[in-house]
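# Coordinate analysis (summary)
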Amino acid sequence: MKAVKVAENIWWVGAVDWDTRNFHGYSTARGSSYNAYLIADDKITLIDTVKAPFFDEMKARISEIVDPSKIDVVISNHVEMDHSGSLPQLMKLTPGAAVYTSPQGEKGLRAHYKEDWDFHAVKTGDSLRIGKHSFSFVGTPMVHWPDNMLTYCPEAKMLFSNDAFGEHMASAERFADEVPLGVVEEEAAKYYANIVMPYGAQTQKALADAAGLDISVIAPSHGLIWRRDVGTVVGWYQKWSADQPENRAVVVYDSMWHSTETMALRIGDALEHAGVPARMCNLKTTHISDIMTGVLNSKFVFVGSPTLNNGIMPPVAQFLTYLSGLAPKNRVGFAFGSYGWGGQSVGIVDKIMREAGMRMLDSVRIQYIPDEEQLNALSEHVRQGVQAFI
Ligand code: FEO
């Protein structure tokens, strides 16, 4: 297990999780990594740790540079256990180490681990010198939990950004410039859509707070390190957190006997003719977390369900629950579906999407098998509906 040099006396000492495929319902098809960073100075400092099962991997990488019992300072940017999970094992090796974290971080770490470590709660503007290097701290509540903070090292011009600017992505490479940019963008977008999206306003504030920092390297706690062109990932975050999606659409549906699917396909065709690129998302084949990557850049969200037992199809219910929680802003929604007799599904979908804050086009439901006349009317309805918003 090697430590990877990031800058003079600064090493990546994290862990690569090649196997994880589910992170709280987020399909992590490429795995993940938990990034920890070691700074060798008068005071040996570790920034963040790794998920508990990966402690030995982190310890082995640290041991390439220094005996872990010599660590003087641990900076915990975030309580969530993918980053703090190895703290108890680490602190057994170096029980006197000082733990720097936000006030909410101290509260959270105490609640998680029931330990009375040498806590130092720090807020925006506070700083710490460990020798040639110093750190300043920027609180970034709700990016991703109330306790989150960024740590900035001015001597290395390095921002340790924790969850921000990361990707769930296992790789042999450690740096973003070693991986095709399209792959990094796809995974960064999926990460933003599924983790950070509810907190666009807080992300904008964090970007504003960090705007005055001279940053050459962004070192997140998941995925790849940005040592070149840091403006690329900052630009992505500025765009995504502005909640101004493009004139694109996702058409999400499940179907029983192909009638709702027929409607979905005709909606896709209508959108194509209206000049609105549409991503077709059959819930039988498409994971909800991949759909959210499409929602990130799409102004229009179309959701279709047939009526099943006076309700909606369970996969549609699952998607709508997930969508509502991630709360995309400034979206236009549309509910559609087929039915046999009760016909409740479309009203249920429409209600959930309204409650999620979407502006809704008038919904459409069709009994049994849609005929050509009904499908033509649906096309025209969709075409006129989207025209009002593009
Ligand atoms: Fe990567 Fe919010 O933890």
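Structure first, text after, so check above.
So, a few notes on the structure that sits alongside this text.

## Observations regarding the overall build of the protein chain
Looking only at helices and strands, the protein chain features twelve helices and 22 strands. Seen through its principal axes, the protein chain has C-alpha atoms that stretch 80 × 40 × 35 Å. By the burial criterion, 58% of the 390 residues in the protein chain qualify as buried. Counting only carbon and sulfur atoms, one obtains 51% of the accessible surface of the protein chain, whose full area is about 15,900 Å². Computing the positive centroid from 35 side-chain charges and the negative centroid from 45, the protein chain places the two 2 Å apart.

## Some thoughts on helix H9 (residues 288-296)
Of all the nine residues making up H9, eight are buried; the element is thus mostly covered by neighbouring parts of the structure. Listing the buried residues of H9 in full gives Ile288, Ser289, Ile291, Met292, Thr293, Gly294, Val295 and Leu296.

## Overview of the environment of Ser171
By the element assignment, Ser171 lies in the loop between strand S15 (158-162) and helix H5 (181-196). Looking at Ser171, the relative accessible area reads 5%, which means it is buried. Sequence spacing of Ser171 and Val143 is 28 residues, and the spatial spacing of their C-alpha atoms is 24 Å. Those residues in contact with Ser171, other than ones at most four positions away along the chain, are Val16, Trp18 and Leu224.

## Some words on unusual backbone geometry
Despite not being glycine, Lys114 shows a phi value in the positive range, around 50°. Summarising the element assignment, Lys114 is placed in the loop between helix H4 (103-113) and strand S11 (118-121). Positive phi, normally seen in glycine, also occurs at Asn310, with a value near 65°. For Asn310, the location among the structural elements is in the loop between strand S19 (298-304) and helix H10 (314-326).

## A few points about the nonpolar core
Membership of the largest hydrophobic core comes to 57 residues, with the highest contact counts inside it found for Tyr237, Met292, Val303, Phe319 and Leu320. Structurally, this core is a two-domain feature, drawing no fewer than three residues from each of domain 1 (4-241) and domain 2 (246-387). Those residues in contact with Phe319, other than ones at most four positions away along the chain, are Val252, Leu283, Ile288, Ile291, Met292 and Val303. Judged by nonpolar contacts, the second largest core, of 27 residues, contains Ala3, Tyr34, Val74 and Val79.

## Quick look at the sheet that holds strand S13 (residues 134-139)
Spatially, S12-S13-S14-S15-S16 is the arrangement adopted by the five strands of the open sheet, whose pairing is mixed. Edge positions in the sheet fall to strand S12 (127-129) and strand S16 (217-220), since each of these pairs with one other strand and no more. Averaged over all pairs of adjacent strands, the angle between strand axes in this sheet comes to 20°, irrespective of strand direction. Sheet analysis places S15 next to S16, joined by four bridges and oriented parallel. By the bridge assignment, Met158 is partnered in S16 with Val217.

## A few points about the packing of aromatic side chains
Under the defined criterion, the tally for this structure stands at 13 aromatic pairs. Ring centres of Trp226 and Trp236 lie 5.6 Å apart, and the angle between their planes is 85°; on these two criteria the pair is classed as edge-to-face. With Trp226 in the loop between S16 and helix H7 (230-241) and Trp236 in helix H7, the pair connects residues that are ten residues apart, well separated along the chain. Of the two residues, Trp226 and Trp236, both sit in the buried class. Through pairs of rings, three or more aromatic residues link up here, namely Phe165, Tyr192, Trp226, Trp236, Tyr237 and Trp240.

## A few points about the layout of surface pockets
Put simply, the largest pocket is a space of about 340 Å³. Along the wall of the largest pocket there are 19 residues; nearest its centre are Met256, Thr307, Tyr339, Gly340 and Trp341. The set of elements that each furnish at least two residues to the lining of the largest pocket consists of helix H8 (259-273) and strand S20 (332-339). Space inside the second largest pocket adds up to approximately 220 Å³. What lines the second largest pocket is a set of 14 residues, among which Arg248, Arg279, Thr293, Gly294 and Asn297 lie closest to the centre. Where the lining of the second largest pocket is concerned, the elements lending two or more residues are H5, H7, strand S17 (246-253), strand S18 (278-282) and H9. Considering each element in turn, the lining of the second largest pocket owes the most residues, three residues, to H5. Split into classes, the residues belonging to the lining of the second largest pocket amount to five nonpolar, four polar and five charged. Shared between two domains, the lining of the second largest pocket holds at least three residues of each, these being domain 1 (4-241) and domain 2 (246-387).

Quick notes on the rules
Residues numbered from 1 in each chain as written. Predicted model: local features only at pLDDT ≥ 70, side-chain atom pairs only at ≥ 80, totals over all residues. Heavy atoms only, no water. Helix = DSSP H or I, 4+ residues; strand = E, 2+ residues; numbered from the N terminus. Buried < 20%, exposed > 50% of the residue type's maximum accessible area, 1.4 Å probe, protein only. Areas by Shrake-Rupley, 256 points an atom, 1.4 Å probe, with all protein chains shown as cover. Lys, Arg positive; Asp, Glu negative; His and termini not counted. Charge placed at Lys NZ, Arg CZ, Asp CG, Glu CD. Contact = heavy atoms within 4.5 Å. Core = buried A, V, L, I, M, F, W, Y, C linked by side-chain atoms within 4.5 Å. Domains from an automatic or database assignment. Pairing = 2+ DSSP bridges. Axes fitted to C-alpha atoms, helices over the stretch in contact; angles between N-to-C directions. Phe/Tyr/Trp six-rings, centres within 6.5 Å; stacked < 30°, edge-to-face > 60°. 1 Å grid on protein atoms, 1.4 Å probe; cavity = no way out; pocket = protein on both sides within 12 Å on 5 of 7 lines; lining within 4 Å. Points joined across faces, edges and corners; volume = space filled by probe spheres on them. Nonpolar A, V, L, I, M, F, W, Y, C, P; charged D, E, K, R; others polar.

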